[in-house]
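One-letter residues, chain by chain:
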Amino acid sequence: MFFVLFFFQAEDGIRDLVRSRGLGDVYKRQGYILAGYTDSNDGDISGFNGGAGDYLVVKINAVGEIEWQKCLGGSGWDDANSVQQTMDSGFIIAGHSQSIDGNITDSHGGDDCWIVKLNSFGEIEWQHSYGGSSTDYAESIIQTVDSGYIFSGFTGSMDGDVT
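Here the structure is a predicted model, which is why all the values come from computation and not from measurement.

**Student:** Can you break down the nonpolar core residue by residue, with the values?
**Tutor:** Core analysis: the largest hydrophobic core is formed by 14 residues, its most contacted members being Y55, V57, L72, I93 and L118. Those elements that provide at least two residues to this core are strand 2 (32-38), strand 3 (54-60), strand 4 (66-72), strand 5 (78-85), strand 6 (91-97) and strand 7 (112-118). Among the elements that take part in this core, strand 7 stands out by supplying three residues, more than any other. For V57, the contacting residues outside a window of four places in its chain are I33, L34, W68, Q69, K70, L72, I93 and L118. Listed in part, the seven residues of the second largest apolar core include I45, F48, L56 and I60.

Right, dumping it as structure tokens:
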């Protein structure tokens, strides 16, 4: 199974329409960045960590040719919900993870919000899980003007990082 959210270069009027319909954030350079999940490890997809699904991040050029693709996650269910190009030409990805292994180095139990920062080549710069012992999902993320990040989602937790 393969699911992607599409984020693309657009003019200001289209950008406003895309954001108003919740389709995502604009990719600032030529090409496209795609993020979602996969449970495949064949065809154009390699590096699957096993389990129910991994984040799948694919960078394609303006004519649809794959420049790089990454599977991120562990042995549980990991699903990316939002991706944005960052000021340093890298990418920030938000979603959720049930994994406690693989690329995930911290877990609070249940589903955690999982934020991953990639460089422009798709290599992990850092990653962090947020949440508590219940279900926590990150649905959207943006970079702030001070180069930080803010994400939104939902939680069923009343412990851990959730207060």
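Alright, that's what it looks like, and here's the rest.
**Student:** Requested: an account of the packing of aromatic side chains, with residues and values cited.
**Tutor:** One pass over the full model with this rule turns up six aromatic pairs. With 4.6 Å between their ring centres and 55° between their planes, Y37 and W77 make a pair best called tilted. Highlighted residues: Y37 in strand 2 and W77 in the loop between strand 4 and strand 5, separated in sequence by 40 residues.

**Student:** Provide a residue-level description of the sheet that holds strand 7, including the pertinent values.
**Tutor:** Across a sheet, paired strands are connected by hydrogen bonds in the backbone, their directions being either parallel or antiparallel. Strand order in the open sheet made by the four strands is 5-6-7-8, with antiparallel pairing throughout. Edge positions in the sheet fall to strand 5 and strand 8 (124-130), since each has one partner strand and no second. On average, each strand axis in the sheet is inclined to that of its neighbour by 20°, with strand direction left out of account. Sheet topology places strand 5 next to strand 6; seven bridges connect them, and they run antiparallel. Across the sheet, residue D79 finds its bridge partner in strand 6, namely H96.

**Student:** Quick rundown of the pairing of strand 3? Include the residues and the values.
**Tutor:** Burial analysis of strand 3 places seven of its seven residues in the buried class, which makes it a mostly covered element. The sheet contact formed by strand 2 and strand 3 spans seven bridges and is antiparallel. Of the residues in strand 3, the one forming a bridge with G36 is L56. In this structure, strand 3 lies alongside strand 4, joined through six bridges in antiparallel fashion. Considered in strand 4, the bridge of V57 is made with K70. What sits between the antiparallel neighbours strand 3 and strand 4 is a turn of five residues, in which G64 has the positive phi angle 90°.

**Student:** Describe the side chain of D111, with residues and values.
**Tutor:** Examined against the element boundaries, D111 turns out to sit in the loop between strand 6 and strand 7. Nearest to the buried, unbridged D111 among oppositely charged side chains is K70, at 24 Å. In terms of polar contacts, D111 uses its side chain to reach the side chain of H96, at 3.2 Å. Aside from chain neighbours lying at most four places away, what touches D111 is H96, S97, Q98, S134, T135, D136 and Y137.

Cut-offs used in this document
Residues numbered from 1 in each chain as written. Predicted model: local features only at pLDDT ≥ 70, side-chain atom pairs only at ≥ 80, totals over all residues. Heavy atoms only, no water. Core = buried A, V, L, I, M, F, W, Y, C linked by side-chain atoms within 4.5 Å. Buried < 20%, exposed > 50% of the residue type's maximum accessible area, 1.4 Å probe, protein only. Helix = DSSP H or I, 4+ residues; strand = E, 2+ residues; numbered from the N terminus. Contact = heavy atoms within 4.5 Å. Phe/Tyr/Trp six-rings, centres within 6.5 Å; stacked < 30°, edge-to-face > 60°. Pairing = 2+ DSSP bridges. Axes fitted to C-alpha atoms, helices over the stretch in contact; angles between N-to-C directions. Lys, Arg positive; Asp, Glu negative; His and termini not counted. Salt bridge = Lys/Arg side-chain N within 4 Å of Asp/Glu carboxyl O. Polar contact = N/O pair within 3.5 Å; in protein donor to acceptor, adjacent residues only side chain to side chain.

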